[in-house]
Amino acid sequence: MDLFSRSWTALRTAVAELPDEDFERPSGCTGWLVRDLVCHLIIDAQDVLITLVTPAESQPTRDAVTYWDIVEPPAGDDPLDALIVRLAAAYEEPWLLKFHLDDVGSAAGRAAELADPSVRVGTRDQVLTAGDYLCAYVLEWTLHHLDLIAHLPDAAEPPAEGLTRSRELLEEIAGAAFPPSFSDRDVLLIGTGRRAPAEAEKAELGELAGKLPLVLG
């Protein structure tokens with residue numbers, strides 16, 4: 001729970017500190033500018049709020065690892081992705097995106113702090129504990145923090161403990177450990193297809209290379 005808050009606060013702070021011109025730069029999400037990614041974060045924050053107030057009576061069907069499905073790489077024709085780009089453009093001014101993210105994002109952060117980690121919640125037709133749900137989102141926030149700063153060398157990095165926990169989650173999803181020589185950041189970027197491994201890295205990955213990328217949905 002605490003790591004969710006630290007990861008989410010760091011990501012929102014990084015967005016708040018961006019100069020206006022950075023919103024027009026590419027992000028680490030293929031086809032999305034930084035402004036599109038920030039718009040997606042607003043929707044993510046809304047999802048957190050909705051999920052935390054959607055109680056479930058049945059037993060959990062997912063946990064922080066199985067929350068994630070492995071999906072096909074995006075083909076560029078997803079209507080929701082296209083909607084996000086149009087919504088982001090409609091904001092026109094970066095300060096409006098910052099304001100909305102701070103407003104909804106702060107509420108999502110407070111809701112997470114108040115949540116009982118043992119309470120069962122429903123989302124995406126699945127049931128899991130609030131604690132597992134928020135743990136899964138540490139991976140979401142950390143990956144998107146890396147997306148945010150992919151082409152912004154002066155922007156703040158994600159918290160180190162968030163990178164480490166996200167690596168652990170990704171290795172559990174993969175069912176295999178990445179080479180110890182790989183940094184947590186490189187594991188996340190290579191493991192999710194955000195960058196291709198160099199030949200030497202591919203050799204170190206061995207059979208695991210054949211499972212990559214792990215596109216999470």
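Heads up: the structure comes first, above all this text.
Nothing here was measured: the structure is a model prediction, and the numbers come from that model. (Residues numbered from 1 in each chain as written. Predicted model: local features only at pLDDT ≥ 70, side-chain atom pairs only at ≥ 80, totals over all residues. Heavy atoms only, no water.)

A.B. asks: Describe the overall build of the protein, and please don't skip the residues or the numbers.
C.D. replies: A count of helices and strands for the protein gives 8 helices and 2 strands. Along its sequence from the N terminus, the protein presents helices and strands in the succession α-α-α-α-β-β-α-α-α-α. For 217 residues, the compact-globule estimate of 2.2 N^0.38 gives 17 Å, and the C-alpha radius of gyration of the protein, at 17 Å, lies within 12% of that figure. With respect to the three principal axes, the spread of C-alpha positions in the protein is 45 × 45 × 35 Å. Relative to its full complement of 217 residues, the protein shows a buried share of 47%. Sequence separation of at least 24 residues holds for 70% of the intrachain contacts in the protein that already meet a minimum separation of 6. Of the accessible surface of the protein, which amounts to about 10,700 Å², a share of 55% is contributed by carbon and sulfur atoms. Positive and negative charge centroids in the protein, built from 17 and 38 side chains respectively, lie 1 Å apart. (Helix = DSSP H or I, 4+ residues; strand = E, 2+ residues; numbered from the N terminus. Rg over C-alpha atoms; globule rule 2.2 N^0.38 Å. Buried < 20%, exposed > 50% of the residue type's maximum accessible area, 1.4 Å probe, protein only. Contact = heavy atoms within 4.5 Å. Areas by Shrake-Rupley, 256 points an atom, 1.4 Å probe, with all protein chains shown as cover. Lys, Arg positive; Asp, Glu negative; His and termini not counted. Charge placed at Lys NZ, Arg CZ, Asp CG, Glu CD.)

A.B. asks: Tell me what's going on with the environment of Val-15, and back it up with residues and numbers.
C.D. replies: Within the element layout of this structure, Val-15 appears in helix H1 (residues 2–16). Since its relative accessible area comes to 1%, Val-15 is described here as buried. Separated by 81 residues in the primary sequence, Val-15 and Leu-96 have C-alpha atoms spaced 12 Å apart. Those residues in contact with Val-15, other than ones at most four positions away along the chain, are Phe-23, Val-38, Leu-41, Lys-98, Leu-101 and Leu-148.

A.B. asks: Go over the packing of H1 against helix H5 (residues 130–148) with me, naming the residues and quoting the values.
C.D. replies: One way to put it is that H1 packs onto H5 with a least axis distance of 9 Å and a crossing angle of 25 degrees. The orientation of H1 with respect to H5, classified from their angle, is roughly parallel. You can see that H1 and H5 cross each other, and the crossing is left-handed. Contacts from Leu-3, Phe-4, Ser-7, Trp-8, Ala-10, Leu-11, Ala-14 and Val-15 of H1 reach H5 at Leu-134, Tyr-137, Val-138, Trp-141, Thr-142, His-144, His-145 and Leu-148. (Axes fitted to C-alpha atoms, helices over the stretch in contact; angles between N-to-C directions. Parallel < 35°, antiparallel > 145°, perpendicular 65-115°, else oblique. Left-handed = near helix turned anticlockwise from the far one by under 90°.)

A.B. asks: A description of the nonpolar core should follow, citing residues and the corresponding values.
C.D. replies: One finds Phe-4, Tyr-133 and Leu-148 to be the most contacted residues of the largest nonpolar core, which totals 65 residues. Going through the elements one at a time, H1, helix H2 (34–52), helix H3 (79–91), helix H4 (94–114), H5, helix H6 (160–174) and helix H7 (184–191) are the ones with two or more residues in this core. At 12 residues, H5 tops the list of elements feeding residues into this core. Excluding residues within four positions of it along the chain, Tyr-133 makes contact with Asp-47, Val-48, Thr-51, Leu-52, Tyr-67, Val-121, Thr-123 and Leu-128. (Core = buried A, V, L, I, M, F, W, Y, C linked by side-chain atoms within 4.5 Å.)

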